[in-house]
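One-letter residues, chain by chain:
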Amino acid sequence: MSVASAPPARIPRFTGWLGAAVSTDHKRMGLTLGVCSLFFFGLGGVFALLMRTQLAQSNMQFVSDNSYNELFSMHGSTMIYLFVTPMAIALAMYLVPLQIGALRLSAPRLALAGLWTWLCGGLVMQQGWFASGGAGRAGWSSIAPLSNGTNTPGVGQDLWVIGVLLAACGTLVMAACVLATIARRRAPGMSLLRMPVFTWTALVSVLMVVASFPMLVLVMILLYIDRHGGHIFVGFAGAIDYQDLFWFFGHPVVYVMFFPYLGAAAEAIAVNSHKRWFGYTAFVGSIMAFAALSMAVWSHHMYVTGGVTNQYFAFTSTALLVPAGIEYFDAIGTLIGGAIVLRASMLFALTFFIQFLVGGLTGIFVASPVLDYHAFGTYFIVAHFHYTLFAGSVFGFFAGVYHWFPKITGALLREWLGKLQLLVMVIGTNLTFFPMFFLGNDGMPRRISRYPTHPGWGTLNELETFGAGIIALGVLLFLINVVVSLRRRVPAGDDPWLGHTLEWATTSPPPPLNFEAPLPPIRSYAPLLDLREEALDRARERREVGPA
Amino acid sequence: MRGGAIPILAWGTILLVLTIGNWVWDDKPVNGAAASAAVVIIYSFGVAVWLLRREAIRRGPPEPGTEIENVPAASLSAMVIGLAVGCALFGLVWAKFLLYFGIALFVASVGRLVLEVRAERASRRRVLEERELR
Ligand SMILES: [Cu+2]
């Protein structure tokens, strides 16, 4: 595919900050989205620290009940709509065109409009803090009738609804652009079963966004109308309808927040094992089924409502176990016999798989209606989903950061700081979230701002608050690492890890049109590994190297 | 590009099977409708990819292309469209004048986007003509 080289006459050139803001280069857009998401990660983290301070001891008076409602609602909303989901899309937007050998993203202007719509959504949602009555405070799911105009009056909740609506529209549009890119812009030779593992995980994620986010948009429009005299979600049936519709989006988004980080961890494991990802075809089939199946489990969030067919959703939810098992099998298969290098990216990836296992296994517990009746609405659930989203996805994210930071910036991150960050975060994460299983099993409800003095609860809650502080320290170490590594640059070179996929065949950072040199031949999902193996074979034939 | 519609349509088909399962076992109209809508959206996307390029349904690796295409480097109007949508919806809640301002900004930036795209097409035509002259 050739490229029109002459710049269009009527489009002025932009430089500096404005140049970055209006750039339709997928790398620039991915970076902007990623950096903004990271900012929201910090903000959501501050909300979490404030919540944990309030909960450090029984009957604390650090924040008011109303403020606590705002904090947990905005913590969840910020993390889900403004950090983990958009960060997944940011990784896909930056890396997918590079991995499939494309020069650019499909419909880049649409993606740019989506990026700014999403950012407006984030800012509008946070604007609620300045509204009288406070920010959104009906939880990240804003279940009706709690979220209606009578029970949660005020502009803050309206801003929440509009913020989510905007963020959802923006995310949807960006995901559609990534999907179109994979469908239409693969380099010559890049057949579907030669796409890298990360690209496949990105593909199923954007498929899920395209299938499920329109529902979120619809629900937010309906909720807005409902809050302004529309009376849509009325009575028991209305409450159930809201949940059915919301969770139709709300479960798949959990997997959107999982797959790309799984992909990042998988790439890190394969490269640092100096082996191809094991069981590639089975992996591709399993994540396709995994993603589709996760579109059919949504009402497992509603077992206790008495308004759902529990058996069906218990069946589909438990069936998720099969593809999840294949992922673990493949990860272990890749490690076996590999020449393993324990870099920071590799350690984060391994920790991702280990810690996610805790979230996954407890997911099997709560997929059972009988056990969910016991666990529902308690800290057990909070522990479960933080093990998937934080102990899982965020560790996968850091695996991706340590793996691709050199490609994106041209500079290496400090390995020792990365390993220290990992250690600190592992301690903090498990200290924060593991005691929640005991508290939840013991009946401590989630979303309460104060709890009575109860044997054992004080100690466990203090441990959790302490752990949350340690997590914050870990994040701080990461930020220090980024600043130090960018200030005192250690040049990474084009391919510091002996990568497998096409992004390592270009410069670090890649040029505007991604590849200046011709692409290597694409004969498998690891074309650079193919080249190295072929060179080794040739060397053996010339007897330069001894037998294998 | 070759094969691009296959994973989309394949995934839509798995969704379809699960949706039928949902209709049969769960038989709640809201759920069935939601799942069916998702199937329709995914199939529509897949069919659109297929209609744009018929080879999108054929297996095998993409072949080298020879056509000339534009690569937009920047788009002020696309950014402003995003901001305008945000401004208008924010105005819906916060202050009505922002709603009208946002709508006006949206219309203006769509107009500018049309100019941008036309300018880009013109530059592509120029390159094609130069190539023919050679
Ligand atoms: Cu779920």
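Just above, that's the structure.
All values derive from a computational prediction rather than experimental measurement.

Considering the overall build of chain A
What chain A contains, in helices and strands, is 17 helices and one strand. Relative to the 2.2 N^0.38 estimate, which gives 24 Å for 548 residues, the radius of gyration of chain A is 24 Å and therefore close to what a compact globule would have. Expressed as a percentage of the 548 residues in chain A, the buried residues total 62%. Partitioning the contacts of chain A with sequence separation of at least 6, the portion at a separation of at least 24 is 83%. When the accessible area of chain A is evaluated, it comes to approximately 19,200 Å², of which 69% is carbon and sulfur surface. Treating the 31 positive side-chain charges of chain A as one cloud and the 25 negative ones as another, the clouds have centres 10 Å apart.

Side note on the interface of chain A and chain B
Chain A puts 81 residues into the contact, and the matching count from chain B is 68 residues. Interface area for chain A against chain B, summed over the two sides, is near 6,100 Å², with a carbon-plus-sulfur share of 72%. Connecting chain A to chain B are five salt bridges. For the side of chain A that touches chain B, the element with the most residues is helix 5 (residues 155-184) of chain A, which contributes 11 residues. Grouping the amino acids of the side of chain A that touches chain B by side-chain chemistry returns 57 nonpolar, 12 polar and 12 charged.

Looking at the side chain of Ser147(A)
Tracing the backbone shows Ser147(A) in the loop between helix 4 (108-127) and helix 5. A distance of 2.8 Å separates a polar side-chain atom of Ser147(A) from the backbone oxygen of Ser142(A).

A short note on the packing of helix 1 (residues 5-25) of chain B against helix 2 (residues 29-52) of chain B
Residue and element names in this part refer to chain B. Where helix 1 contacts helix 2, the axes come no closer than 9 Å and their chain directions differ by 165 degrees. When the interaxial angle is binned, helix 1 and helix 2 end up roughly antiparallel. For helix 1 against helix 2, the interelement crossing comes out left-handed. Looking at side-chain class alone, the contact of helix 1 with helix 2 contains 18 nonpolar, eight polar and no charged residues.

A short note on the coordination of the copper ion
All names here are of chain A. Bound to the copper ion are the protein donor atoms His251 (ND1), His300 (NE2) and His301 (NE2), situated 1.9 to 2.0 Å from the metal. Going along the chain, you hit the donors of the copper ion in the pattern H-x48-H-H. One end of the pair, His251, is in helix 7 (residues 235-256); the other, His301, is in the loop between helix 9 (280-293) and helix 10 (310-319), with 50 residues separating them in the sequence. Judged by relative accessible area, His301 falls into the partly exposed class, the value being 23%.

Considerations on the packing of aromatic side chains
Residue and element names in this part refer to chain A. As enumerated under the stated definition, the model contains 53 aromatic pairs over all chains in all. Judged by centre distance (4.3 Å) and plane angle (25 degrees), the ring pair of Phe41 and Phe83 falls under stacked. Here Phe83 lies in helix 3 (residues 65-99) and Phe41 lies in helix 2 (residues 26-54), a separation of 42 residues in the sequence. Per residue, the accessibility class of Phe41 equals that of Phe83, and both read buried.

A closer look at the packing of helix 10 of chain A against helix 11 (residues 321-335) of chain A
Residues and elements named next belong to chain A. At a minimum axis distance of 5 Å, the contact between helix 10 and helix 11 shows a crossing angle of 10 degrees. Between helix 10 and helix 11, the angle is such that the two are roughly parallel. Side by side, helix 10 and helix 11 meet where Ser317, Thr318 and Ala319 of the first sit next to Leu321, Val322 and Pro323 of the second.

Examining the nonpolar core
Counting 209 residues, the largest nonpolar core has Tyr81(A), Trp118(A), Met220(A), Phe259(A), Trp277(A) and Trp11(B) as its most contacted members. Looking at this core, the element that brings in the most residues is helix 3 of chain A, giving 21 residues. The two domains that each donate at least three residues to this core are domain 1 (5-57) and domain 2 (76-133) of chain B.

Focus: the side chain of Ser286(A)
All names here are of chain A. Following the sequence through the fold, Ser286 ends up in helix 9. Accessibility expressed as a relative area gives 5% for Ser286, which makes it buried. Beyond its immediate chain neighbours, meaning those up to four positions away, Ser286 contacts Pro323, Ile326 and Glu327.

A word on the environment of Gly149(A)
Positionally, Gly149(A) belongs in the loop between helix 4 and helix 5. Separated by 77 residues in the primary sequence, Gly149(A) and Asp226(A) have C-alpha atoms spaced 7.5 Å apart.

Describing the pattern of salt bridges
Residues and elements named next belong to chain A. Under the criterion given, the structure shown has 17 salt bridges over all chains. A salt bridge links Arg523 to Glu534; the shortest N-O distance between them is 2.8 Å. Of this pair, Arg523 sits in the loop between helix 16 (457-487) and helix 17 (527-541) while Glu534 sits in helix 17; the two residues are 11 residues apart in sequence, bridging distant segments of the chain. A relative accessible area of 28% places Glu534 in the partly exposed class.

Let's talk about helix 17 of chain A
Residue and element names in this part refer to chain A. Its 15 residues give helix 17 an end-to-end C-alpha distance of 21 Å, which sits within 8% of 21 Å, the value for a rise of 1.5 Å per residue. What helix 17 keeps buried is the set Pro527, Leu528, Leu529, Asp530 and Ala539. Where helix 17 ends, the next residue or the one after it, Arg543, has phi of about 60 degrees, a positive value.

The rules we used
- Residues numbered from 1 in each chain as written.
- Chains lettered and ligands numbered in written order.
- Predicted model: local features only at pLDDT ≥ 70, side-chain atom pairs only at ≥ 80, totals over all residues.
- Heavy atoms only, no water.
- Helix = DSSP H or I, 4+ residues; strand = E, 2+ residues; numbered from the N terminus.
- Rg over C-alpha atoms; globule rule 2.2 N^0.38 Å.
- Buried < 20%, exposed > 50% of the residue type's maximum accessible area, 1.4 Å probe, protein only.
- Contact = heavy atoms within 4.5 Å.
- Areas by Shrake-Rupley, 256 points an atom, 1.4 Å probe, with all protein chains shown as cover.
- Lys, Arg positive; Asp, Glu negative; His and termini not counted.
- Charge placed at Lys NZ, Arg CZ, Asp CG, Glu CD.
- Buried area = accessible area lost by both parts, 1.4 Å probe.
- Salt bridge = Lys/Arg side-chain N within 4 Å of Asp/Glu carboxyl O.
- Nonpolar A, V, L, I, M, F, W, Y, C, P; charged D, E, K, R; others polar.
- Polar contact = N/O pair within 3.5 Å; in protein donor to acceptor, adjacent residues only side chain to side chain.
- Axes fitted to C-alpha atoms, helices over the stretch in contact; angles between N-to-C directions.
- Parallel < 35°, antiparallel > 145°, perpendicular 65-115°, else oblique.
- Left-handed = near helix turned anticlockwise from the far one by under 90°.
- Donors = N, O, S within 2.8 Å, 3.2 Å for Na, K, Ca; no water.
- Phe/Tyr/Trp six-rings, centres within 6.5 Å; stacked < 30°, edge-to-face > 60°.
- Core = buried A, V, L, I, M, F, W, Y, C linked by side-chain atoms within 4.5 Å.
- Domains from an automatic or database assignment.
- Expected span 1.5 Å × (residues − 1).

The quantities given are spatial measurements derived from coordinates; they are silent on function.
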